[in-house]
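Chain by chain, the residues:
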Amino acid sequence: MAEYARMLDTVFGPVADDEHWYDGLNFYLNALRDVDRSVELVLDALEASGQADRTVVVFTADHGEMAGSHGLRQKGNLVYDENFHVPFILSHPDVPGGTRTEALGSGVDLAPTLLECAGVAPSEIATRFPALGGRSLVPVLDGAAVRQGALSAVESIVTLDASFWFEFADSDASARVQSGALRPDWTKRGFLRAYTDDRYTFGRYFSPLNPNRPKDLASLFADNDVVLYDRQEDPAEVTNLAADPADPARRDLVLHYSGLLEALIDAEIGTDTRAWVTERPRLLGWPTWHGDTDQPAAAGAAASGG
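What counts, and where the lines are drawn
- Residues numbered from 1 in each chain as written.
- Predicted model: local features only at pLDDT ≥ 70, side-chain atom pairs only at ≥ 80, totals over all residues.
- Heavy atoms only, no water.
- Helix = DSSP H or I, 4+ residues; strand = E, 2+ residues; numbered from the N terminus.
- Buried < 20%, exposed > 50% of the residue type's maximum accessible area, 1.4 Å probe, protein only.
- Contact = heavy atoms within 4.5 Å.
- Lys, Arg positive; Asp, Glu negative; His and termini not counted.
- Charge placed at Lys NZ, Arg CZ, Asp CG, Glu CD.
- Pairing = 2+ DSSP bridges.
- Axes fitted to C-alpha atoms, helices over the stretch in contact; angles between N-to-C directions.
- Salt bridge = Lys/Arg side-chain N within 4 Å of Asp/Glu carboxyl O.
- Polar contact = N/O pair within 3.5 Å; in protein donor to acceptor, adjacent residues only side chain to side chain.

**Concerning the overall build of the chain**
- Assigned secondary structure in the chain consists of ten helices and six strands.
- Its C-alpha atoms give the chain principal-axis dimensions of about 70 × 55 × 50 Å.
- A total of 306 residues make up the chain; the buried ones form 32% of that total.
- For the chain, long-range pairs separated by at least 24 residues make up 64% of all intrachain contacts whose partners lie at least 6 apart in sequence.
- Each charge sign in the chain was given a centre, from 25 positive and 47 negative side chains, and these centres are 5 Å apart.

**Some points on the sheet that holds strand β5 (residues 200-206)**
- One open sheet holds the four strands; their spatial order is β3-β4-β5-β6, and the pairing between them is antiparallel. Whereas interior strands pair on both sides, the edge strands pair on one side only; in this sheet they are β3 (150-154) and β6 (225-230). Strand after strand, the sheet turns through a mean of 10° between neighbouring axes, direction not considered.
- Bridge count between β5 and β6: six bridges; the pairing is antiparallel.

**Remarks on the pattern of salt bridges**
- Counted by the stated rule, this structure contains 17 salt bridges.
- The salt bridge involving E262 is made with R204; its shortest N-O contact spans 3.0 Å. Taken together, the positions of E262 in helix α9 (residues 248-268) and R204 in strand β5 put the pair 58 residues apart, joining distant regions of the chain.
- E262 sits in the buried class, given a relative accessible area of 8%.
- Here the salt bridges share partners, and the residues they tie into one network are E3, R6, D161 and K188.

**Things to note about the side chain of E237**
- One can find E237 in the loop between β6 and α9.
- Looking at E237, its side chain comes within polar contact range of the main-chain nitrogen of D81, at 2.9 Å.
- Not counting residues up to four positions away in its chain, the partners in contact with E237 are H70, V79, Y80, D81, E82, T201, Y229 and R231.

As structure tokens, then:
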């Protein structure tokens, strides 16, 4: 969290006072209002086309906005509810409107949901599109729940290392990136896997160089920074229940939710141990950190006999 906050301060400048926070919040609320106006134009056009009574409309988003919560802004590798909890509104011409549900859904559920709305049976979806890890939310329209928890996976290089962005205050930063002299600190634990159910949010942060699948508490805490929030008793998510693993009750709760997370990773991602940054040797500059010595300039000189 501190690394993320430092990155935002480095790239966009610090928030000077409460007035600046309110300015940012006002901007965000006006952005929402502008989106609403745009959605209204789409719905009006749909009505004018004569297709409104035979069209399924879904309104959702890909991420939330911290907007000052936890003293943070924007979005990223954050387990907080403000970051991951997004609207999902579905209007179906064959279903009465105006109802609400507490059923959990995930972004990966969108494609199976739209396919079933289009008339493709769930069994056919499973056969034709086996790679879809989500579940159709159509049963939710009749009051059912389709999942126990939702998986969040974030691998953001941008928010990994605030010190990397601080170096761009110097005019030679881009040249240092190209040479490989400047690159993020890949050992920082900024990649995230998280699990959310109707009460708890559990997450573990890990280094891009060390994706891992912990089987016990020892490996969980050795390779990850761990958080667990009880959103029922602690809706602001300020008390990390994983901060004191010596407490037997909390230790059992952490282990339980770690198991739920790993099971959902198996179902929706798979093996999930690929350190893909090491497979891209020119990622943000030639990776001298990876032990490569054949930098582009040297390789070109050798080819020309220089």
